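Coordinate analysis (summary)
Here are the chains, one letter per residue:
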Amino acid sequence: MSLGFTEIILIALFILIVFGAKRIPELARAMGRASYEFKKAKESLNSESRELTAAKGNATESEEKNA
């Protein structure tokens, strides 16, 4: 599904009418911050997952050596 130039202009006009010209930069800034926080949390979860996987692998290796 592709948006044409006319559809994009209509969406932009609708947003301008609904939110007003003064609120659009505030909304864009808030969306940027939310995106940054989401990416930061995602990376944090990924690194924690890698650490737990590595710790589990190390624990399994030490158990095998002791057995």
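First things first, this report covers the structure right here in the doc.

The rules behind these values
Numbering of residues starts from 1 in each chain and follows the order in which that chain's sequence is written. The predicted nature of this model means local features are confined to residues of pLDDT at least 70 and side-chain atom pairs, given and counted, to a pLDDT of 80 or more, with totals for whole chains, interfaces and linings taken over all residues. Neither water nor hydrogens contribute to the side-chain values; these are computed over all heavy atoms in the structure. For the purposes of this entry, the term helix denotes a DSSP run of H or I that reaches at least four residues, the term strand denotes a run of E that reaches at least two, and both are numbered from the N terminus. The atom set for the radius of gyration is the C-alpha atoms, and the globule formula is 2.2 Å times the number of residues raised to the power 0.38. For the exposure calls, accessible area comes from a 1.4 Å probe over protein chains only, and a residue counts as buried if that area is under 20% of its type's maximum, exposed if over 50%, partly exposed in between. Throughout, the Shrake-Rupley method with a 1.4 Å probe supplies accessible areas, and for residues the shown protein chains are the sole cover considered. When charges are counted, Lys and Arg are positive and Asp and Glu negative, with His and the chain ends excluded. For this purpose, a charge sits on NZ of Lys, CZ of Arg, CG of Asp or CD of Glu. What a helix is expected to span follows from its residue count: subtract one and scale by 1.5 Å. Criterion for a salt bridge: a side-chain nitrogen of Lys or Arg within 4 Å of a carboxyl oxygen of Asp or Glu.

Notes on the overall build of the protein
If you tally the helices and strands in the protein, you get two helices and zero strands. Over its C-alpha atoms the protein spans a radius of gyration of 24 Å, topping by over 25% the 11 Å that the globule rule assigns to 67 residues. Based on the C-alpha atoms only, the size of the protein along its principal axes is roughly 70 × 30 × 10 Å. Residues counted as buried form 0% of the 67 residues belonging to the protein. As displayed, the protein has an accessible area near 6,300 Å², and 64% of this comes from carbon and sulfur atoms. Side chains of the protein carry 10 positive and 9 negative charges; the gap between the two charge centres is 12 Å.

Notes on helix α1 (residues 5-19)
Over its 15 residues, α1 extends 21 Å from the first C-alpha to the last, a length consistent with the 21 Å expected when each residue adds 1.5 Å. Among the residues trailing α1, G20 stands out with phi positive, at a value near 85°.

Things to note about the pattern of salt bridges
Tallied over the full model, the rule gives three salt bridges. Between K40 and E37 there is a salt bridge; the shortest N-O distance is 3.9 Å. Taken together, the residues span about one helical turn, with K40 and E37 both in helix α2 (residues 23-66) at a distance of three residues. The exposure class assigned to K40 is partly exposed, which follows from its relative accessible area of 45%. R50 is paired through a salt bridge with E43; the nearest N and O atoms lie 3.1 Å apart. Taking relative accessible area as the criterion, E43 reaches 43% and is therefore assigned partly exposed.

Remarks on the environment of L27
With respect to the element layout, L27 can be found in helix α2. With a relative accessible area of 26%, L27 lands in the partly exposed category. For the pair L27 and E43, spaced 16 residues apart in sequence, the C-alpha separation works out to 24 Å.

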